[in-house]
Amino acid sequence: KASSDLISQRPERTISGVVTDENGDSVIGATVVVKGTTIGTTTDIDGIFSLRIPSDAKTLQISYVGMMTVELTIGDNSQYNVVMKPDAVLMEDLVVIGYGTRSKKDMSIAVSSVKSDELNERPSAFNIMQGIAGKVAGVTNVSMSGRPGGGSSLRVRGMGSINAGKDPIYVLDGVIGVDPNIINSANVESIDILKDAAATAMYGAQGSNGVVLITTKKGKKGKGSITYDGKMGFGFMNRKLDMLDADEYMEVQRRSYAYSGQTMPHLTTADEKLFYYAKDASGNYQYDENGLLIASPRYNTDWQKEMTRTAITNDHIVSFSSGNDDTSVYSSVAYQNYEGVMKSSEYERFSGTINVNSRIKDWLRVQVVGTVGSQKGNNNDMESSFGQGAIRNMIEMPPIVPVKYEDGTWGRKGDYKFSEEGENPLLLLRDRRDEWKSNFSVFSLNSILDLTRKLTLTVQGDYQQSNRKGMSYAKAGLLDVSENNGGYADISNSDNQKLTSENYFTYTDEYFNGQLSSNFVLGASWYYNRNESSSSGSEQYFDDSFDYHNLSAGTTWHEPRSGMNQNTMNSYYFRMNHSFRDRYLLGVTFRADGASNFGMNNKYGYFPSVSAGWRISEESFFRPLLNVVSQAKLRTSYGVVGNASIPNYRTISQYGNGSTIFNKELTSYVTLSNLGNKDLKWESSRQFNVGLDLSFFNNRLEVIMDYYTKSTQDLLFEKQIPITTGYATTWSNLGEIRNDGFEATITSRNIHTKDFMWVTDLVYSTNKVKTIDINGETIDTGNNTIAREGIDWASYYVYKRLGTWSLAEVEEAARYGKRPGDIKYEDVNGDYKIDEEDRQLMGTGRPKGNLTMVNTFTYKGFSLMVDLNYVYGFKIMSITHSMGENRPLYSNSVKDILKAWTPENQNTMVAALRLPSDPFFGENEKDSYMLHKGDFLRIRNVVLSYSFSPKVLNWLREVNNLSLGVSVENLALFTQYPGYDTEMGAFNTDNGQSIDFYSYPRPTTVTANIKITF
Amino acid sequence: CDSFLEEKPKTFLNPDSYYQNEKQVLAAVNGIYTFVDDIMDSDIEPGSQSFIFLEFMHGYGERMRGSGTQDLAQANSLLIADNNSYVQRFWETAYRAIENCNSIIEGIEGMAEGTISEAKKNQYLGETYFLRGYFYFNLVRLYGPVPLKLTPTKDVSNTAIELSSVDAIYTQIDADMTRAGELMEDMEWTNTSGRVTKGTVKSIHAKVLLTMAGYPLQKGTEYYTRAYNMAKQVYNSGRFYLFDSYEELRTVENSGEIIWSIQREADNAGNPLHSALLAYPAPVKAVSASAAYGGAITVTRMFFDTYPEGDKRKEEREFYYTQQEALDQSGMVDLGRLYIYKYWDQDAAVTGKSGANFTLLRYADVLLMLAEAKAQADGGTTTDADAIAAYYAVRKRALPEEVKPTSITVDRILQERFWELAFENQTWYDMLRTRRALHAVTGQMVNMIGYQTPTHTAPFTEASLLLPYPIREKRLNPNLKRD
């Protein structure tokens, strides 16, 4: 029907006009279309348009980003001058809130949105988590890594849980629980993050860590378009660790031997491989006055230089969009490849996506969303067994050892006496592979049935599937990896399936002559998850050419393993929203969730919430203020949400199994591995939120502020219990922690003229996690941190290093079994024993505050954006640095070790250098000396771009949009911290935040970008 | 809906519905043995196996490589802190094993008629009672009063168990060992299965009785006599014998002199000892294909010098060594000092993987226990023919020329124990129960309290005799207090 209309429409006349903004400045590039057709044009540099329209054209629609869309009735005139008003971004947007949308002005809950453009500002952000970082108040990225494809996770408003999952739940076009790593941010239209409990309560048991709602791009009505968005970049190291060079390394050796009254072995027995020796003309060795050989190191290798490279990044996406009144299609294919600065580390992703929206019947709309793809990476720089990680070896390799000797043999770490055995890291990168790949698909069918004009039924079915394969192979002969097993291969597979069904009614109506508008949602959902895994491997290959492709070529087989687990959940939910006289807002939600991983007595949890808002600026008494304060809204909410993310089967006692040996034969065994807790139930978190939205000077300045307090109770906690029970831990519901925080987002349009714009965005958030109740116990939260009532969660709890014992303190030192030059700790209780009671609280690794400032300058087609990030109030525990001081002779050290104690230099924090047989060699009780102030200021991103004006593009007939840009990410980092970077997450857990354990260096990346639309 | 939310695990068994057949029982009993293995466990630092800690407590060994943490250095200064990881490890291993034992005993006793044969039931119960006693024996020797728990944990409502007296714990150990002995009375003394046999039970029971007779309970003559009688049963069984050469201690497994050992196998359950005890720093020419993470512990020169003149155990590559054939057979490689050779594994030297068993108890120990128990029962010196024969068998292997004595003293037997069983995880326990030490200069037995060994930085005191309760456990159970 629609197409026949199109054919019958014949352009019959031309209309024209000028589009300006409120200041009278012309609006360039505004889209002017005849509503309901594909007939349209854009305004030129003077805001002028002209368009041939059919005779029956009724309405003209003029739209422009940032402006409110204008609709005009087409009369007999041929000239139409249009004044566009700025879109009050703050108040007018439609926000996705889960199971529906809501206009921002009618919302009484805390939700933050990130639009497509912002999300894609950082070209080397290869997932949405990295794209969001710094954009949303109260949302932080806790485990950024410089590693391509490295782990990354968001935390919404601090830490909602302690042992149970802490990740927010990701919802892609209504599909719950999507892996955010598979989403290409170029396909994302907007991201809305639900923060307070009234917002997240709609997701009940899964809502306690926040909800990230991702809406993908849809096809646009009108002429079809093809867009290519391509980025290519170069990443390089901008910070190096200050390691010893060859001469300094030998100085450390010399002092260590001297302390123990010995001389370095290469001075008594010549080691021509590593040293040059003074010789006379006839080739006889020369000796010094002590009768020792005169030698100097032959090599001075900078291992950081040898191991790193300029990394090339590629990111390309082609998308297609088209649509008519009834059906629209968006589709894209993308390829991304990110090299790491460490040689041979890389990440690659292919993905394709399609989003079809169609009105099939008057009463039926359908949306089909599909995403498929694969990703792969190479992690062979990661530590796989003790001491054999490429990054760690890079830092620890002695500078006197070459990459290769003159005879072609590879240098090894242990080539000089006492040096620890370790493989050449470059050889590790070459001969060991540790690859992973995964295939993923998400398919969703969403149908909306308009049962009446006011009542709709939404039925959605989703299928998600992913499998991940890990493959590793080490060629024969790698020290401590494959030296004794002649080639070593392993393959692991895991397969994950998720099926969900979401069904809900939506009813919208108005009452009291339109004074009260209301919206109701009532629904039910079912979720099913299944995981299967298996692994096997073998060693002793007679030939290296099989890699990991033929496990039966090895003669010794690794223990095969497999597993399966599944869980289910079933939910019912209700929501109503009311807006009375456009100024009094009320929202109520209620959700009931049942989950398989809880005890029989506690299968169901119930999660209510209520929120209210008051648009003060609508009140008559406010009218005098409107000149200054254009809009004002006060919001408050309270709600309860839950958390069920604990491992499956914790309510059941378990016998774990394995194989053990009797008289050289393998035989099966079982041992008690889990004490089931049948009473295990939901963790629930109660959150109170109060917020204020203000907009000044006709929306030139916008401020959003929120204060919240979130108390998480019945914490799902893997609680320690006395070992006398036979178990170390059991899952239980325990105590309470509290997150308090404040967030502010300020947008200021400082200068706004026809040609020049300057906008400043400030995003600030602060959060504190306090332990309120843990039964009066002290909980070891790992990595020398503890939790105790009344203090910050996971506070560092370490000895305080005072310095070193001096020669004047011989007797005092002896009472601790120590001598001058040994490390001196503060003995808090003065019992002459350094033990648990002498540990002290020393802050946390979680920043107190995080401030982002983005300034955007636009001049005609040019745009310059500068993104600064300041983070303060936290300490980094640097294992990298302290190991770099505790292991001289075993490995290379950081330059700080030269400050080590000597009789001439007694006022120092670094213990005297000595040989390994000394009992206090490498004393590294984790102490205050490992903690470094982490505060930093980063020039996170600078982007310069140019968009060609429509006038220029008119020359290129088919090109509708063309922009070019260049960006520098991580341009500079200002900090006292001596490591590669201030943001890191060791061990891939929250507890690893701000722990530097041989963290991957973060590059500076320069990227060029071209975006063209046909 | 209830069935939709029900959990149906497929990858593990639930102890609540276990114990249906013999195979299940066997798997559960096998599980207890995995805790016996735990003395091989270590943290990330090379050469930090649990058993090595006890070899630093006695002070006759020294370490060549740095320790990384202070946990081993604390053994040198005899100032063991409650956060020492070894203190936690010994405790943890014992109680995990005990819980499995408790659960198995309850499980087997509750099995339906006809689901297990009487013979299997006796064997498995015997092994379980024995192993429960064995782990309590380790606990009470290292920590003194500890919580005595004899039933499985059902919930965590009451986990703060009170301490039991040392006397009460030994009474329970004695009872468990006696029960195990009764259950296994009709079984063979030994076999090559690697499992606990009647011989194991009786030998360790003898050690329990000998310890009860000595410190800290000092039950005296009655228990020395019981210990003697128990050791005598093993002696009279005729199923055990001393190897002719010390080399067989390194090569023969599960028979002859070996009464009980941790079972190892190269590919699936390697033994870290060979590698941990290698020379450190590694010699220029490799003597073993194992990664050179050696230097965990070796003998001090002073202790070595206390061995009598002409003692075979002193000879190169018997108990100790200073050189070894290079891996490429290009000649002898000098290691620069003495290292322990007792655990040398030639297979591991070639393949890089050690599958050698670790001896927990050997017949030489039983013979010396027999002699010591009798000498004690007789007031410090004995002329008992069996006691002298037992002692002399061990002595003669080391010093073939020596004539058989007509009487022997306790000190002489103890001296022999120090030399024969050095670095076999026996010495520290011997010192605890006898309060005697071998003087590293004179080679004579002296009182342990007040004596300072060559590597310790302080003399032994009463406080050195017990490990502190682990900090983690003290936090979780406030009853863990010493007066």
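Residues numbered from 1 in each chain as written. Chains lettered and ligands numbered in written order. Predicted model: local features only at pLDDT ≥ 70, side-chain atom pairs only at ≥ 80, totals over all residues.

1. Points about the overall build of chain A
From N to C terminus, chain A includes twelve helices and 51 strands. For chain A, the C-alpha radius of gyration of 32 Å lies close to 31 Å, the compact-globule estimate for 1014 residues. Within chain A, the proportion of its 1014 residues that are buried is 47%. In chain A, the proportion of contacts linking residues at least 24 apart, taken out of those at least 6 apart, comes to 68%. (Helix = DSSP H or I, 4+ residues; strand = E, 2+ residues; numbered from the N terminus. Rg over C-alpha atoms; globule rule 2.2 N^0.38 Å. Buried ≥ 20, exposed ≤ 12 C-beta atoms within 10 Å, placed from the backbone. Contact = placed C-beta atoms within 7 Å.)

2. Focus on the overall build of chain B
Per the secondary structure count, chain B includes 17 helices and ten strands. Compactness check: chain B gives a C-alpha radius of gyration of 23 Å against a globular reference of 23 Å for 483 residues, within 12% of the reference. Considered along the principal axes of its C-alpha atoms, chain B spans approximately 80 × 55 × 45 Å. Per-residue burial over chain B gives 52% buried out of 483 residues. Residue pairs at least 24 apart in sequence account for 66% of intrachain contacts in chain B once pairs closer than 6 positions are excluded.

3. Looking at the pairing of strand S29 (residues 584-595) of chain A
Residue and element names in this part refer to chain A. Strand direction decides the pairing type here: strand S28 (residues 554-580) and S29, joined by twelve bridges, are antiparallel. Bridging from a neighbouring strand, phenylalanine 580 pairs with tyrosine 584 of S29. Connecting S28 to the antiparallel partner S29 that follows it, the hairpin turn spans three residues, and arginine 581 within it adopts a positive phi of roughly 50 degrees. Both S29 and strand S30 (residues 604-614) contribute to a ladder of eleven bridges, which runs antiparallel. Paired with aspartate 593 across the strands is glycine 605, a residue of S30. (Pairing = 2+ DSSP bridges.)

4. A look at the packing of helix H8 (residues 221-237) of chain B against helix H13 (residues 363-377) of chain B
Residue and element names in this part refer to chain B. Between H8 and H13, the shortest axis-to-axis distance is 8 Å and the interhelical angle comes to 150 degrees. Like other packed secondary-structure pairs, H8 and H13 cross with a definite hand, here left-handed. Here Thr221, Tyr224, Thr225, Ala227, Tyr228, Ala231, Lys232, Val234 and Tyr235 of H8 lie close against H13, whose contacting residues are Val366, Met369, Leu370, Ala373, Lys374, Gln376 and Ala377. Among the residues forming the contact of H8 with H13, the class breakdown is eleven nonpolar, three polar and two charged. (Axes fitted to C-alpha atoms, helices over the stretch in contact; angles between N-to-C directions. Left-handed = near helix turned anticlockwise from the far one by under 90°. Nonpolar A, V, L, I, M, F, W, Y, C, P; charged D, E, K, R; others polar.)

5. Observations concerning the interface of chain A and chain B
For an interface, size is often stated in terms of accessible area lost upon the parts coming together. Each partner contributes residues to the interface: chain A has 64 residues there, and chain B has 74 residues. Listing elements by their share of the side of chain A that touches chain B, those giving two or more residues are S28, S29, strand S32 (654-662) and strand S33 (665-674) of chain A. Class assignment for the residues of the side of chain A that touches chain B results in 22 nonpolar, 30 polar and twelve charged.

6. So, the domain arrangement of chain B
All names here are of chain B. Each domain of chain B was delimited in the assignment, giving domain 1 (19-153 + 163-187 + 435-477) and domain 2 (273-356). Counting residues per element, the ones that place at least two in the side of domain 1 that touches domain 2 are helix H2 (50-57) and strand S1 (61-62). If one sorts the elements of the side of domain 1 that touches domain 2 by residue count, H2 sits on top with three residues. (Domains from an automatic or database assignment.)

7. Structural notes on helix H15 (residues 410-420) of chain B
Residue and element names in this part refer to chain B. Among the eleven residues that make up H15, eight are buried, leaving the element largely enclosed by the rest of the structure. Residues of H15 that are buried include every one of Val410, Ile413, Leu414, Glu416, Arg417, Phe418, Trp419 and Glu420, and no others. In this structure, the buried side of H15 is in contact with H13, helix H14 (385-398), strand S8 (408-409), helix H16 (427-434), strand S9 (436-438) and strand S10 (445-447).

8. Overview of the nonpolar core
Counting residues in each nonpolar core, the largest one holds 145 residues, and the members touching the most others are Ala227, Ala231, Leu367, Leu370, Ala371 and Tyr391 of chain B. The element that contributes the greatest number of residues to this core is helix H5 (residues 118-143) of chain B, accounting for 13 residues. Here this core spans two domains, since at least three of its residues come from each of domain 1 (19-153 + 163-187 + 435-477) and domain 2 (273-356) of chain B. Beyond its immediate sequence surroundings of up to four residues, alanine 231 of chain B is in contact with Ala206, Val366, Met369, Leu370 and Ala373 of chain B. With 135 residues, the next largest nonpolar core counts Tyr99, Ala201, Val481 and Tyr548 of chain A among its residues. (Core = buried A, V, L, I, M, F, W, Y, C linked by C-beta atoms within 7 Å.)

9. Some thoughts on the packing of H13 of chain B against H14 of chain B
All names here are of chain B. At a minimum axis separation of 8 Å, H13 and H14 run at an interaxial angle of 140 degrees. Here H13 lies oblique to H14, going by the angle between them. The chirality of how H13 crosses H14 is left-handed. Of the residues in H14, those in contact with Ala364, Leu367, Leu368, Leu370, Ala371, Lys374 and Ala375 of H13 are Asp386, Ala387, Ala390, Tyr391, Ala393 and Val394. (Parallel < 35°, antiparallel > 145°, perpendicular 65-115°, else oblique.)

10. A short note on the environment of tyrosine 277 of chain A
All names here are of chain A. Along the chain, the position of tyrosine 277 falls in strand S18 (residues 275-277). Among the residues examined, tyrosine 277 registers 17 C-beta atoms within 10 Å and is labelled partly exposed. Expressed as a C-alpha distance, the spacing of tyrosine 277 and asparagine 739, which sit 462 residues apart in the sequence, is 64 Å. For tyrosine 277, the contacting residues outside a window of four places in its chain are Ala270, Tyr285, Leu293, Ile294 and Ala295.

11. Describing the sheet that holds strand S46 (residues 875-878) of chain A
Residues and elements named next belong to chain A. Reading across from one edge, S47-S46-S50 is the order of the three strands in this open sheet, with mixed pairing throughout. Two strands lie at the open edges of the sheet, namely strand S47 (931-933) and strand S50 (995-996), each paired on one side alone. With two bridges joining them, S46 and S50 adopt parallel strand pairing. Bridge assignment links methionine 877 to a residue of S50, and that residue is isoleucine 995. Helix-sheet contacts for helix H11 (residues 879-886) involve S46 and S50, and the interaxial angle to S46 is about 40 degrees.

12. What to know about the environment of glutamine 687 of chain A
Structurally, the position occupied by glutamine 687 of chain A is in strand S34 (residues 683-696). For glutamine 687 of chain A and serine 536 of chain A, which are 151 residues apart along the polypeptide, the C-alpha to C-alpha distance reads 47 Å.

13. A few points about the environment of lysine 664 of chain A
Position of lysine 664 of chain A among the secondary structure elements: in the loop between S32 and S33. In this structure the C-alpha to C-alpha distance between lysine 664 of chain A and tryptophan 805 of chain A, which are 141 residues apart in sequence, comes to 52 Å.

14. Things to note about the sheet that holds strand S2 (residues 31-34) of chain A
All names here are of chain A. Read across the sheet, four strands follow the order S3-S2-S5-S6 without closing on themselves; strand pairing throughout is antiparallel. Strand pairing shows two members of the sheet lacking a second neighbour, strand S3 (40-42) and strand S6 (70-73), which therefore form its edges. On average, adjacent strands in this sheet sit at an angle of 20 degrees to one another, irrespective of strand direction. Bridge analysis of strand S5 (residues 59-63) against S6 gives four bridges, and the strand direction is antiparallel. Looking at S6, one finds that threonine 59 is bridged to threonine 73.

15. So, the confidence of the model for chain B
The predicted model of chain B averages 94 in pLDDT, with 99% of residues at 70 or higher. Reported for the predicted complex are a pTM of 0.83 and an ipTM of 0.93. (pLDDT = per-residue confidence, 0-100.)

16. Digging into helix H6 (residues 166-183) of chain B
Residues and elements named next belong to chain B. End to end, H6 covers 26 Å across 18 residues, agreeing with the expected 26 Å (1.5 Å per residue, within 8%). Residues of H6 that are buried include every one of Ile169, Tyr170, Ile173, Asp176, Met177, Ala180 and Leu183, and no others. Projected down its long axis, H6 shows its buried positions confined to an angular sector of 155 degrees, all on one face. Buried residues belonging to H6 abut H5 and helix H7 (198-213). (Expected span 1.5 Å × (residues − 1). Arc of directions from axis to C-beta.)

17. Structural notes on the confidence of the model for chain A
Mean pLDDT over chain A stands at 88; residues scoring 70 or higher make up 96%. Note on residues 1-9 of chain A: pLDDT is under 50 here. Beyond four places in sequence and across chains, it has seven contacts.

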